[in-house]
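Spelled out, the chains give:
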Amino acid sequence: MVSYKELGLVNTRDMFAKAIKGGYAIPAFNFNNMEQLQAIIKAAAETKSPVILQVSKGARNYANPTLLRYMAQGAVEYAKELGWEKPQIVLHLDHGDSFELCKDCVDLGFSSVMIDGSALPYEENIALSKKVADYAHQYDVTVEAELGVLAGVEDEVQAEESHYTRPEEVIDFSKRTGCDSLAISIGTSHGAYKFKPEQCTRDPKTGRLVPPPLAFDVLDAIMEQLPGFPIVLHGSSSVPQEYVDMINKYGGKLPDAVGIPEEQLRKASKSAVCKINIDSDSRLAFTAAVRKVFAEKPGEFDPRKYCGPARDLMTELYKHKIINVLGSDNKA
Ligand SMILES: [Zn+2]
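It should be emphasised that the depicted structure is a prediction, and the values quoted were computed from it without experimental measurement.

Side note on the nonpolar core
- If you look at the biggest cluster of nonpolar residues, it comprises 98 residues, and the most contacted ones within it are Ile-40, Leu-53 and Val-113.
- Top element by residues in this core is helix α12 (residues 303–326). It accounts for eight residues.
- Excluding residues within four positions of it along the chain, Val-113 makes contact with His-92, Leu-93, Gly-96, Cys-102, Cys-105, Val-106, Val-132, Ala-136, Val-141 and Val-143.

Here we look at the sheet that holds strand β12 (residues 231–233)
- With parallel pairing, the eight strands of this closed barrel are ordered in space as β1-β2-β3-β4-β5-β8-β12-β13. Taking the axes of each pair of neighbouring strands and ignoring which way they run, one obtains an average angle of 25° across the sheet.
- Two elements, strand β3 (residues 89–96) and strand β4 (residues 112–115), share three bridges in a ladder whose sense is parallel. Bridging from a neighbouring strand, Gly-96 pairs with Ile-115 of β4.
- Each of β4 and β5 (142–147) is contacted by helix α6 (residues 122–137), which is oriented at about 165° to β4, the strand it contacts most.

Some words on helix α5 (residues 99–108)
- Along α5, the positions that sit buried rather than exposed are Cys-102, Cys-105, Val-106 and Leu-108. Viewed along the axis of α5, the buried residues span an arc of 165°, placing them on a single side of the element.
- Where α5 is buried, its residues contact α4 (65–81), β3, β4 and α6.
- Gly-109 sits one or two positions beyond α5 and adopts a positive phi of about 110°.

Observations concerning the pairing of strand β2 (residues 51–56)
- Of all the six residues making up β2, six are buried; the element is thus mostly covered by neighbouring parts of the structure.
- Handedness of the crossover is the feature at issue here: the chain leaves strand β1 (residues 26–30), passes through helix α2 (residues 34–47), returns alongside β2, and the resulting connection is right-handed.
- Taken together, the six bridges between β2 and β3 define a ladder with parallel strand orientation. By the bridge assignment for β3, Leu-53 is matched with Leu-91.

What about the environment of Glu-316?
- Topologically, Glu-316 is positioned in helix α12.
- Classification of Glu-316 as partly exposed rests on a count of 14 C-beta atoms within 10 Å.
- Separated by 276 residues in sequence, Glu-316 and Ile-40 place their C-alpha atoms 9.6 Å apart.

Concerning the packing of α6 against helix α7 (residues 170–177)
- At a closest axis distance of 8 Å, the pairing of α6 and α7 adopts a crossing angle of 40°. Viewed along their axes, α6 and α7 adopt a mutual orientation that is oblique. Packed against α6, whose contacting residues are Ile-126, Ser-129, Lys-130 and Ala-133, the element α7 presents Phe-173, Arg-176 and Thr-177 at the interface.
- Grouping the constituent residues of the contact of α6 with α7 by class yields three nonpolar, two polar and two charged.

A word on the environment of Phe-216
- Position of Phe-216 relative to the elements: it lies in helix α8 (residues 216–225).
- Note: C-alpha distance between Phe-216 and Tyr-24 (192 residues apart in sequence) is 16 Å.

Topic: unusual backbone geometry
- Positive phi, close to 90°, is recorded for Asn-64, a residue that is not glycine.
- With respect to the element layout, Asn-64 can be found in the loop between α3 (57–63) and α4.
- Look at Asp-140: it is not a glycine, yet its phi comes out positive at around 60°.
- Structurally, Asp-140 can be placed in the loop between α6 and β5.
- Residue class for Asp-140 comes out partly exposed when judged on the 14 C-beta atoms lying within 10 Å of it.

Overview of the pairing of β5
- Most of β5 sits out of view: six of its six residues are buried.
- Note: β4 against β5, four bridges, orientation parallel. Directly across from Ile-115, in β5, lies its bridge partner Ala-145.
- The parallel pair β4 and β5, bridged by α6, forms a crossover whose chirality is right-handed.

Analysis parameters
Residues numbered from 1 in each chain as written. Predicted model: local features only at pLDDT ≥ 70, side-chain atom pairs only at ≥ 80, totals over all residues. Core = buried A, V, L, I, M, F, W, Y, C linked by C-beta atoms within 7 Å. Buried ≥ 20, exposed ≤ 12 C-beta atoms within 10 Å, placed from the backbone. Helix = DSSP H or I, 4+ residues; strand = E, 2+ residues; numbered from the N terminus. Contact = placed C-beta atoms within 7 Å. Pairing = 2+ DSSP bridges. Axes fitted to C-alpha atoms, helices over the stretch in contact; angles between N-to-C directions. Arc of directions from axis to C-beta. Right-handed = clockwise from strand over helix to strand, strands pointing away. Parallel < 35°, antiparallel > 145°, perpendicular 65-115°, else oblique. Nonpolar A, V, L, I, M, F, W, Y, C, P; charged D, E, K, R; others polar.

Written out as structure tokens, the structure is:
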């Protein structure tokens, strides 16, 4: 049993309370490798933004759970080296799908876990989420639960169709599970293809897809039911067209990739939405930078020469999100 406190990590409780009061949101960035982690920590340290490092089940399988845990510990020390005296870093399990997985993460030193029972019938979701919350709270680890289903594909998580969170269920759900934050479904979606072309309109000038707006009326109704309760948005990448264009220009093929417009996330950040999950955007930045090097310098075979530019582009992306979208800079 390792306590996250010994690793210099924090849970989400105070972080979320401050974010709701201050009208900003905490970035939750997924990481699977060293370059992503370096970019996240550098961006957070340079902007003095609290940050949530997310590890999905897929990331655990890809990188090895023990290695990831020590990387997160190293991240805290790296942040201090960068001049961030008291780093506000959460290590969070993204989309935990069983009690055993959540328990394993709590025992390994995670400061926060998500239990995603959203695909289960309502009562089973409550029972599973409560079991995780009861265990995690013994160690002061915070718990995110989910109500409502997001569409899209991300690692092992996938659903054909979304259905919005039902505001009439949120009080009962949060009370009976004891969760610390609630992931909701209001039209965000996992992956780089968040909407099918037929769900969108097309900008006549650029020919780009324009996605349907988020259901802010549902968010408002949820906030009315649970005033001041921390709300989480998954699947909130914006799929920057500059990266999509770079990827396509240098031999990739991402037709009609589309995300959530940043102005909608900016609006959500000012509400009780206090955690916004961004994964696909960094994947796009990484891929765009690597493809550019491969296309322009076909003789290059030193991974540092293409992972380095990928890291730089991701750092730029994370800083942009922190400063211009979520507003979490200078809050840690
Ligand atoms: Zn998610």
